[in-house]
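Reading the structure
Now for the letters of each chain:
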Amino acid sequence: MLLLTCPNCGLAVEETELAPGGEAHLKRFGPDSTADQFEEYLFLRDNAKGVHFERWRHAYGCGKWFLAARNTATLEVYGTYSAQTTEPPQHIRDEIARRTDR
Amino acid sequence: MSRRLKTGGRRIDRSRPVTFTFDGREMRGFAGDTVASALLANGQLVMGRSFKYHRPRSVVASGPEEPNALLSIGEGARFEPNQRATVQPLWDGLVARSQNAWPSLGFDVGRVNDYGSKFLPAGFYYKTFIHPRPLWKHVFEPFIRRAAGLGAAPTEADADTYAHRYAYYDTLVIGGGIAGLLAARAAAEAGDRVMLVERQGHWGGRAPTDGATIDGKPAAEWVNDTVQAIDAMDNVTTILRCEGSGVYDHGYILCTEGLTDHVAEKSGPRQRLWRVRAGRVVTATGAIERPLSFAGNDVPGVVLASALRDYVTEYGVSLGERTVIVTNNDDAYRTAKALLAAGLRVPAILDVRTGVDTPLVNEIKAMGVRVHAGRAIAKVHGDGQVTGISVCAQSGDGTVLQEIRCDCVAMSGGWSPVVHLWSHCGGKLWWDEARAMFRPDADHPPTGADGKGFVTFVGAASGALTAAEVLADVTDTIGGTVPVVEDTAEGPIQQVWTMPEGAPHKLRAKMWLDYQNDVKVSDVRLAAQEGFESVEHAKRYTTLGMATDQGKLSNINGLAVLADRLDTTIPQVGTTTFRPPYTPVTIGTLAGEARGVAFQPLRRTPIHDWHESHGAHWEPVGQWRRPYCFPRAGESHAEAVTREIRNTREKLGLLDASTLGKILVRGPDAGRFLDMLYTNMMSTLKPGKCRYGLMCDENGFLMDDGVVARIDDQTFLCHTTTGGAERIHGWMEDWLQCEWWNWKVHALNLTEQFAQIAVVGPKARIVLEKLGGMNVSADTLPFMTWADGTLGGFGVRVYRISFSGELSYEIAVPAGQGRALWDALITAGAEFDAMPYGTEALHVMRAEKGFIMIGDETDGTIIPQDLGLDWAISKKKDDFLGKRGQQRDEFQKADRWKLVGLETLDGSVLEDGAYAVVDGRNANGQRRTEGRVTSTYYSTTLDRGIAMGLVARGPARMGETVRFTRIGGEPVEARIVDPVFFDKDGEKQNV
Amino acid sequence: MSEVAVRAMGPVGMITLRGALETLAPAVEAVTGCAQPAQRLSTEANGRRAMWMSPDELMLVCDHAEAPGLASRLTDQLGDAFATIAVVSDARIVFELTGPGSASALASLMPVDFARLDPSEVRRTRMAQIPAAIWREGTAWRVMCFRSVAHYAEALLRGAVPA
């Protein structure tokens, strides 16, 4: 059972206190989008074996969403970060690079 | 015959006799006995029958790996089957019963399977019971299920309670033998918060039995001193009778603590499940001795050498008077020593090895025991108990060289470290050829959130064999000072898996690998021969390792036989996957507090108690319980619903609407936000007004509906469905936090702050006027408006909205006043025949009005346009959630199923979910359909069946007749009509 | 178990405040005397407790009767600032646990490391199957949960056994 640190309240909490939200950093496509764009937004997911960026809500705690960089194969967690961003921040990318390189 | 020895038994207290029964016979034991040791003390060697052949069986082990001695313990509400006699502590009054034997343990008709065993090889069920097919269900399966059961399932609800406990430690040490104790002490001295658990009721593991001197003291004394030292530290929690059950991701470990299983007095929880998070797990779980495979190795009296040592020294019981020891290693010689010390005879030791010249062997030889080098057991004689053995050369084909009379055989095939907990979460193993064991591979540990290993292993669990090795291993791994150990060095093991080496089929067919499931060497060889070469396949084909002991004794031996048959090596064959729990955990322990009223949270409104005391029949709506109806004495539910509807339509009904979601949406961008969430335009709603709105997901599918009230320029109150409040609030937060985080909007879920009561019917206004305090007239408070004020002294917010088609007010008060307001309305309404109504009346009335219900008319694939709700979808907005989804081609198709009303020609009520059928079959050979019923009721008001349904091109087919399925009958004809059945112009609600 | 006494408290005043904490805090201090609580912690003044609930949310626990008055003073104090004040006194109920086994009993129901809680910490967590928040009031523990599940919560707390 995963243990993730909610960056909003600073607590390392277990999975039962969290609600999963699927892949992170999706770009929303609205009414003017093409069928391909809309398909990409609504249905197509990386489903990566390895590094994955995903959404979690600290549902039983502060109620806030956050994002996690996690390895789906080893369950290693590279870091958690604010949901108010459109891409993984540099410190998370650096951490992934550092750890996947070893 | 087994018996209690005159002396000895470190675990038992001979001054405290205990009485228990076995199969109805009264027996005596001592405090400290296990059920197994007590049965042995009473001469009860046979304790069970095997699963398939019903062979008589006794204990083969002394610990949790025991495959044979499974008993039913307890009675009535405390009956539990399949308990291992070897780990079940004895208590006064304990009731034990044997299993899998009929009519009795001594005489079992199922034994006939054994005599026909050559006709019951591996895969027998798969091969035999396939044809003819119908016989499987009615003949074979019932027979097999009856014949092949273990204990019976309990018939009464469990009388015990169970507890959970969340716990957080830096280091969790599993196993309280000398390795675990030293590891816990070292970790604690280094400053860790430490939890140390031990499966048994005492500390020290095998060391005190096996005899070693640590720091100049006998092992038992060192154990006591170390436990005292640990207990004196306040950063260590120590728990006995607590087993490490499973190791899971990110340092999560389940441990199962027995609280009352060992005592007669059952007060408080029976077991506690420890839900531990640990930075580091140290497995000090010891090792398990392996049996040897020789013909007749399952005859009662054949026992693991270490287990026999335990019975003699720990419990003061023997399995027999004359014990032959058969071994491939030095450790079994310690058993000879223990037997001799207890005054028992050891007529021979058969050691497959030759030229062994080690201190232990020489010591035993010096005591006068004959050691036969290079010898093996060709066959064990006896049925209910060993009567003798035939000796052969290990290297031969089983030619008998000698017969030896004995009543007990102690065997040792070497030791397997208990690697289960290491492996649960992915720790890898390596095969140590010299020690003939799989050992944890320190380079490939289970990894945690930081990507680093979080499980380590010490002592015998790592493959260390002697006390000196064990303790040195701990200090290497954990730290601390190495104690000085005086121990006897051991010679090398010789790998022997079956004996003799060249045993013919006749002998192999009597060599048991998995005792409980009756899997023999011949079965595994047959599986290999038939192509089940993967270890996982062979396991499932033969059921090797699938018994309740999960292969603790059989797996390595089985792998070796498979490897031999496939002419490969054991590491090439590999092991099956170790999965939690280590030993079975009872469901009650996993459930913990979640029983009875605590099974699940049921949500109650502030008016719940009134409903309950007025006979409400409850309906679950999400986690809420809402009154379905309020039947009176002698009244059926249907009659109650009819009465409630009629009364509401003609006079006055009261509905507890507190469960409706109430979400406050506030901020400068609140209007813009709601325009995105609802399909309608909400930003144009005027303060003081209400508007019905629809919410869709990004697929365009309708997910919730409700009335939105604009409170002021920046504030809206959004009503959701009963089940939708938390989900919709979460949906709002998701968009606010993750997509439009710069928008200035707050969303507060105020659902539980308010009780809400719908006052419905022609007399609704009069009763509110009677309560008095605010103007609720049609002019001041017209339909689809709201106002704050007071009624009968309550500070209220009144919404003039209707879900029934009647004149209706929904009145919100703080939840704490909900019951008082309800009482006031009941009292004030009495003269107008006010009556409460439930959810079914609500449903019928809304259906009479053609109002849709989320979950009835919608099922996650329905867009609002399917339901004729185009009027609630703004054409002016560039964007809203679901708009793009609704533009997809699929939803533009002309033959899409759309909402219509349905009236049966004969007035009957359609079946819920019935399909509209047309002639012909589809590509799958199924009947073709053109629609389905989504809501169907008997309409009290119209005195006929009415329904809503989705029908292909439905709105364009008004007046047409379609046919709907009826289970077990002919299709029913129904006419397509307008879904608004009653008061089409809304005159009743708009007065 | 005799080591723990469980008591359902009567009505407790509660006010939810949403907004930037630097916006909310001065108003809270001015109206209640409670200083701005740090992340996950709470502050106390005049029998009121200001709790950190999330990065943009505080909860004020006070006397039930004074909650509406405090809420309107807070609303006035905040003026045009982007903030939302709501009286939520009736949405939740509070239990009090007293006795030496209280924390241990709670640890049977919630995944919380009690040894690492700050004395003024307000821990929002999962109590068996429902959301709950706990904090210390002197030597007692307070447990807050939604009103609709009070019956379930009380059954949990009365059945909880210290380890």
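Residues numbered from 1 in each chain as written. Chains lettered and ligands numbered in written order. Predicted model: local features only at pLDDT ≥ 70, side-chain atom pairs only at ≥ 80, totals over all residues. Heavy atoms only, no water.

As a further point, take the packing of helix 20 (residues 637-650) of chain B against helix 25 (residues 839-848) of chain B. All names here are of chain B. At a minimum axis distance of 9 Å, the contact between helix 20 and helix 25 shows a crossing angle of 55°. Taken together, the axes of helix 20 and helix 25 lie oblique to each other. Of the two possible hands of crossing, helix 20 and helix 25 adopt the one that is right-handed. Together, Val641, Glu644, Ile645, Thr648 and Arg649 of helix 20 and Glu840, Ala841, Val844, Met845 and Glu848 of helix 25 make up the contact between the two elements. For the contact of helix 20 with helix 25, a count of residues per class yields five nonpolar, one polar and four charged. (Axes fitted to C-alpha atoms, helices over the stretch in contact; angles between N-to-C directions. Helix = DSSP H or I, 4+ residues; strand = E, 2+ residues; numbered from the N terminus. Parallel < 35°, antiparallel > 145°, perpendicular 65-115°, else oblique. Left-handed = near helix turned anticlockwise from the far one by under 90°. Contact = heavy atoms within 4.5 Å. Nonpolar A, V, L, I, M, F, W, Y, C, P; charged D, E, K, R; others polar.)

Now for the interface of chain B and chain C. Chain B puts 39 residues into the contact, and the matching count from chain C is 37 residues. In this assembly, chain B packs against chain C so that about 3100 Å² is buried in total across both faces, 57% of it on carbon and sulfur atoms. Run the count over chain B and chain C and you get two salt bridges. Salt-bridge contacts for Arg18(C) lead to Glu733(B); the nearest nitrogen and oxygen are separated by 3.5 Å. At the level of secondary structure, the elements contributing two or more residues to the side of chain B that touches chain C comprise strand 9 (162-174), strand 16 (271-283), strand 37 (661-666) and strand 41 (746-749) of chain B. When grouped by side-chain class, the residues that make up the side of chain B that touches chain C number 20 nonpolar, seven polar and twelve charged. (Buried area = accessible area lost by both parts, 1.4 Å probe. Salt bridge = Lys/Arg side-chain N within 4 Å of Asp/Glu carboxyl O.)

Turning next to the environment of His91(A). All names here are of chain A. Mapped onto the elements, His91 comes out in helix 2 (residues 90-101). Take His91: its relative accessible area is 53%, and that puts it in the exposed class. On a C-alpha basis, the gap between His91 and Gly63 in space is 24 Å, while along the polypeptide they are 28 residues apart. (Buried < 20%, exposed > 50% of the residue type's maximum accessible area, 1.4 Å probe, protein only.)

With that out of the way, let us pick up the interface of chain A and chain B. Each partner contributes to the interface: chain A provides 30 residues, whereas chain B provides 34 residues. Between chain A and chain B lies a buried interface of about 2500 Å² when both sides are counted; carbon and sulfur atoms form 49% of it. Area buried by chain A at its contact with chain B is led by Met1(A), Arg28(A) and Pro31(A), which between them contribute 28% of it. Between the two partners, chain A and chain B, sit three salt bridges. Between Arg28(A) and Glu698(B) there is a salt bridge, with its nearest N and O atoms 2.6 Å apart. At the junction of chain A with chain B, the criterion picks out 15 residue pairs in polar contact (both at pLDDT 80 or more). Sorting elements by how many residues they give to the side of chain A that touches chain B places helix 1 (residues 35-42) of chain A first, with four residues. In terms of residue class, the side of chain A that touches chain B is built from 14 nonpolar, eight polar and eight charged. (Polar contact = N/O pair within 3.5 Å; in protein donor to acceptor, adjacent residues only side chain to side chain.)

What follows concerns the domain arrangement of chain B. With domains assigned, chain B is organised as domain 1 (162-288 + 416-486), domain 2 (496-573), domain 3 (608-659 + 753-846), domain 4 (662-751) and domain 5 (893-991). Computed over C-alpha atoms only, the centres of domain 1 of chain B and domain 5 of chain B are separated by 67 Å. (Domains from an automatic or database assignment.)

Now for unusual backbone geometry. The omega angle of the peptide bond from Met499(B) to Pro500(B) is -5°, so this bond is cis rather than trans. Structurally, the position occupied by Pro500(B) is in the loop between strand 31 (485-486) and helix 13 (505-508). Cis geometry marks the peptide bond from Pro580(B) to Pro581(B); its omega dihedral reads 0°. Positive phi values are uncommon outside glycine, yet Asn47(A) reaches one of about 50°. Take Asn47(A): it is sitting in the loop between helix 1 and strand 4 (51-57). Residue Asn47(A) is classed as exposed on the basis of its relative accessible area of 70%. The phi angle at Asp23(B) is positive, at roughly 50°, despite the residue not being glycine.

All right, on to a negative patch on the surface then. On the surface, a cluster of negative charge is made up of Asp36(A), Glu39(A), Glu40(A) and Asp46(A). With respect to the helices and strands, Asp46(A) occurs in the loop between helix 1 and strand 4. (Patch = residues over 30% accessible without salt bridge, like charges linked within 9 Å, V, L, I, M, F, W, Y side chains within 5 Å. Areas by Shrake-Rupley, 256 points an atom, 1.4 Å probe, with all protein chains shown as cover. Lys, Arg positive; Asp, Glu negative; His and termini not counted. Charge placed at Lys NZ, Arg CZ, Asp CG, Glu CD.)

Residues and elements named next belong to chain B. Strand order in the open sheet formed by five strands is 38-39-40-37-41, with antiparallel pairing between adjacent strands. Each of the sheet's edge strands pairs with one partner strand only, and the pair in question is strand 38 (690-696) and strand 41. Put simply, the sheet's adjacent strands are angled 30° from each other on average, direction ignored. With four bridges joining them, strand 39 (residues 702-712) and strand 40 (residues 715-720) adopt antiparallel strand pairing. (Pairing = 2+ DSSP bridges.)

Okay, the pattern of salt bridges next. All names here are of chain B. Counting across every chain of the model gives 74 salt bridges over all chains. With a shortest N-O distance of 3.7 Å, Arg525 and Asp564 are connected by a salt bridge. Of this pair, Arg525 sits in helix 14 (residues 521-529) while Asp564 sits in helix 16 (residues 555-565); the two residues are 39 residues apart in sequence, bridging distant segments of the chain. A relative accessible area of 53% means that Asp564 is categorised as exposed. We note a salt bridge from Arg846 to Glu857, for which the minimum N-O separation is 2.9 Å. In this pair, Arg846 is assigned in helix 25 and Glu857 in the loop between helix 25 and helix 26 (883-886), connecting sequence segments eleven residues apart. For the pair Arg846 and Glu857, one class covers both residues: buried. By sharing partners, the salt bridges in this structure join Arg206, Asp210, Arg309, Asp310, Asp331, Arg334 and Glu490 into a single network.

Now for the state of the cysteines. Residue and element names in this part refer to chain B. What the rule picks out here adds up to zero disulfides over all chains. No disulfide involves Cys408; its sulfur sits 7.7 Å from that of Cys406, the nearest cysteine. Unpaired in terms of disulfides, Cys425 finds its nearest cysteine sulfur in Cys255, a separation of 14 Å. (Disulfide = S-S within 2.5 Å.)

What follows deals with helix 10 (residues 359-366) of chain B. Residue and element names in this part refer to chain B. Looking at helix 10, one finds that the buried residues are Leu360, Val361 and Ile364. End-on, the buried residues of helix 10 take up no more than an arc of 100°, which puts them together on one face. Downstream of helix 10 by a residue or two, Gly368 has a phi angle that is positive, lying close to 95°. (Arc of directions from axis to C-beta.)

Our next topic: the nonpolar core. Ranked by internal contacts, the top residues of the largest apolar core, which has 84 residues, are Phe294(B) and Ile389(B). Listed in part, the 34 residues of the second largest apolar core include Leu2(A), Cys9(A), Val77(A) and Leu78(C). (Core = buried A, V, L, I, M, F, W, Y, C linked by side-chain atoms within 4.5 Å.)

With that settled, consider the confidence of the model for chain C. Scored by pLDDT, chain C comes out at a mean of 97, with 99% of its residues at no less than 70. We note a pTM of 0.95 for the whole complex and an ipTM of 0.98 for its interfaces. (pLDDT = per-residue confidence, 0-100.)

Quick look at the sheet that holds strand 12 (residues 217-218) of chain B now. All names here are of chain B. The sheet built from three strands is open, its strands ordered 12-11-31 with antiparallel pairing. Pairing within the sheet leaves two strands with one partner each, and these edge strands are strand 12 and strand 31. Summarising the sheet, strand 11 (residues 213-214) and strand 31 pair through two bridges and their orientation is antiparallel. Counted as the bridge partner of Thr213 is Glu486 from strand 31.

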